[in-house]
Amino acid sequence: MKIYADLHLHSCLSPCGDGDMTPYNLVQMAKLLGFDMIALTDHNSCGNCASAVRVGQDIGLTVVPGMELCTSEEIHCVCLFPELDAANAFSEFVHNKMPDIKNQPEIFGEQYKMDEGDGVIGSESLLLTTAADISIDDVTPLVQSYGGACFPAHLDRASYSVLSVLGFLYPELRFTAAEFTPKAYLPQYLEQHPLLQNMHLLRNSDAHYLENMIEPIDTLELTACTPQALINFLNNA
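Residues numbered from 1 in each chain as written. Predicted model: local features only at pLDDT ≥ 70, side-chain atom pairs only at ≥ 80, totals over all residues. Heavy atoms only, no water.

Asks: Can you lay out the overall build of the protein for me, pointing to particular residues and giving the numbers?
Replies: Regarding its fold elements, the protein presents eight helices and ten strands. The C-alpha atoms of the protein give 16 Å as radius of gyration, which agrees with the globular expectation for 237 residues (18 Å, within 12%). Dimensions along the principal axes, computed over C-alpha positions, put the protein at roughly 45 × 40 × 30 Å. Taken across its 237 residues, the protein has 51% of its residues classed as buried. Considering only intrachain contacts with a sequence separation of at least 6, the fraction spanning at least 24 residues in the protein is 73%. Looking at the protein as shown, the accessible area adds up to about 10100 Å², and 49% of this sits on carbon and sulfur atoms. In the protein, the 10 positive side-chain charges and the 31 negative ones have mean positions that sit 3 Å from each other. (Helix = DSSP H or I, 4+ residues; strand = E, 2+ residues; numbered from the N terminus. Rg over C-alpha atoms; globule rule 2.2 N^0.38 Å. Buried < 20%, exposed > 50% of the residue type's maximum accessible area, 1.4 Å probe, protein only. Contact = heavy atoms within 4.5 Å. Areas by Shrake-Rupley, 256 points an atom, 1.4 Å probe, with all protein chains shown as cover. Lys, Arg positive; Asp, Glu negative; His and termini not counted. Charge placed at Lys NZ, Arg CZ, Asp CG, Glu CD.)

Next comes the structure, spelled out in structure tokens:
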């Protein structure tokens with residue numbers, strides 16, 4: 001079945017995420033835009049995923065729990081999981097791999113944890129935009145050990161991407177999917193980086209503000225509109 005999906009969205013837990021980007025608001029907006037599935041992928045944390053999943057269940061939108069991991073090389077990777085227990089376990093693992101640098105809300109912004117009704121239930125004191133002590137070389141097997149799937153984020157951006165940091169992709173990374181921004185000219189990248197030709201190529205919004213959320217672009221051919229079907233798809237190029 002064809003599924004409209006945006007697999008890279010941030011909530012108000014990300015310090016660069018807008019305060020209006022609550023789990024309730026972003027899931028409701030995705031429904032209005034016509035998506036069948038979204039993934040909540042805050043920086044280095046899955047702390048708001050449970051609330052977003054509950055909102056999605058209430059309104060009939062599939063929400064995949066996830067995270068945008070910042071590796072030790074300062075490369076962003078989107079990590080997705082089939083269910084909340086795996087996402088939360090991975091989130092705890094990443095938390096223990098991060099430097100003890102406290103957030104300064106007046107500089108970086110708040111990092112709110114919220115319930116499904118927009119109530120603030122806490123805040124993350126650790127600055128979530130720092131790099132975790134996890135190498136890009138280890139990301140794929142690590143995420144798969146939690147039952148998940150991952151892909152390098154926004155390859156066409158000039159920072160925090162595999163291509164901007166390393167300059168190239170190599171088979172040992174074991175990625176079977178890759179993400180571009182909606183404005184990327186894909187033929188250019190396919191020519192310059194042949195490994196992409198055998199990978200699932202995704203275009204997601206990476207929205208940090210409600211107004212940056214986009215209407216559906218591409219469809220994914222999944223066996224069902226479930227997180228597990230998505231994981232199976234992404235792990236099999």
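Asks: How would you sum up the sheet that holds strand β7 (residues 149-152)? Please name residues and give values.
Replies: Taking strand neighbours across the sheet as the criterion, the six strands line up as β7-β4-β3-β2-β1-β10 in an open arrangement whose pairing is mixed. Two strands close off the open sheet at either side, each with one partner strand: β7 and β10 (219-221). Geometrically, the sheet is characterised by an average inter-axis angle of 30° between neighbouring strands, direction not taken into account. Judged from the five bridges that link them, strand β3 (residues 62-70) and strand β4 (residues 76-80) form a sheet pairing that is antiparallel. Looking at β4, one finds that Gly66 is bridged to Leu80. Against the sheet, helix α2 (residues 49-59) contacts β2 (37-43) and β3, and its axis sits at roughly 155° relative to β3. With respect to the sheet, helix α3 (residues 84-95) is in contact with β3 and β4, its orientation differing from that of β3 by roughly 15°. (Pairing = 2+ DSSP bridges. Axes fitted to C-alpha atoms, helices over the stretch in contact; angles between N-to-C directions.)

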